[in-house]
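Structure assessment
Next come the chains, spelled out residue by residue.
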Amino acid sequence: MALDQEFDEELEEGIEGKEMTFVEHLEELRWHLLRSIASILIFTIAAWIYREEIFGGIIMGPAKSDFWTNRMLCKVADATGMEGLCFEQANFILQSREVSGQFMMALTQSIIVGLMFAFPYFFWEIWKFIRPGLKDTEKKAARGAVFWVSLLFFMGVSFGYFVVSPMAINFLANFKLDESIQNQFDINDYISLLSMMTLACGLTFQLPMISFVLSRVGILTPSFMREYRRHALIVILIVAAIITPSPDVISQLLVATPLFGLYEISIWVSASVNKKREAEML
């Protein structure tokens, strides 16, 4: 939180309280975007320098038998007797089918890593541009936004990387219609699947913040979310079934439980915001 307080203090400086023309607003936005892009570029260059370590240790991690999640799932399989949970080794071969395949793969993974690590600074720059236009009460209510958005994003990315991705990759890699068919995947398809899983979870974990914003502007209420809780649970179970193609119920519950927990937290956030709004109106 100390880092986020420094962000908020810096946000109080600069253009706040200063009347600006439309052109000046565009110029200000341009500089915020340039600094954001520069941060992504810096992290992308760093990821490119360590591309071999990132690929071998991180990108290929979920497909290895000694990956933490795979080892834990095997222990759960031993305890429950559900052998389908344990994936000892992903049965597939990665190929580069184009002349520039490996180069583009290295570039893609570097950009994705750059985007992930630059996300807090990117959001901070955009928030610096938006915040001066808010009312004092809105600024007070949104204090700590950079910290919470960044925290939820990295929690979602971690969930996608350590929970969702290993189960999805291992199931798809070991699924066969016939033993005579070999799984040979393009390296770019593998990275696309992994990045989609992790980034999608990172964005999904923003649900409490979305609830906060919608509740703050009066669009969302806790009573509405409680009324449609069962509908939300069905949607979450469907999403969990899509994300984890494995037929095991435990795999689906491992994904659905945190998502439903986020929904319950969002209800609490909405109730808290509505309570403050009612107090302000008195």
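Up top is the structure.
Described below are features of the structure shown in this document. (Residues numbered from 1 in each chain as written. Predicted model: local features only at pLDDT ≥ 70, side-chain atom pairs only at ≥ 80, totals over all residues. Heavy atoms only, no water.)

Here's the deal with the packing of aromatic side chains
For the structure on display, the rule yields 14 aromatic pairs. Between Phe43 and Phe117 the ring centres are 6.2 Å apart and the planes differ by 20°, which places this aromatic pair in the stacked class. A residue pair is termed long-range when its members are at least 10 positions apart, and Phe43 in helix α2 (residues 22-49) and Phe117 in helix α5 (residues 101-130) qualify at 74 residues. Here Phe43 falls in the partly exposed class, since its relative accessible area comes to 34%. A ring pair is formed by Phe260 and Tyr263, whose centres lie 6.5 Å apart and whose planes are at 20°; its orientation type is stacked. You can see Phe260 and its partner Tyr263 sitting in helix α12 (residues 249-281), three residues apart, about one turn around the helix. According to the relative accessible area criterion, Phe260 is partly exposed, its value standing at 23%. Taken together, the ring pairs in this structure connect Phe119, Phe123, Trp127, Phe153 and Phe154 into an aromatic cluster. Positioned above the aromatic ring of Trp124, the side-chain terminus of Lys128 is 4.7 Å from the ring centre. (Phe/Tyr/Trp six-rings, centres within 6.5 Å; stacked < 30°, edge-to-face > 60°. Helix = DSSP H or I, 4+ residues; strand = E, 2+ residues; numbered from the N terminus. Buried < 20%, exposed > 50% of the residue type's maximum accessible area, 1.4 Å probe, protein only. Lys NZ or Arg CZ within 6 Å of the ring centre and 35° of its normal.)

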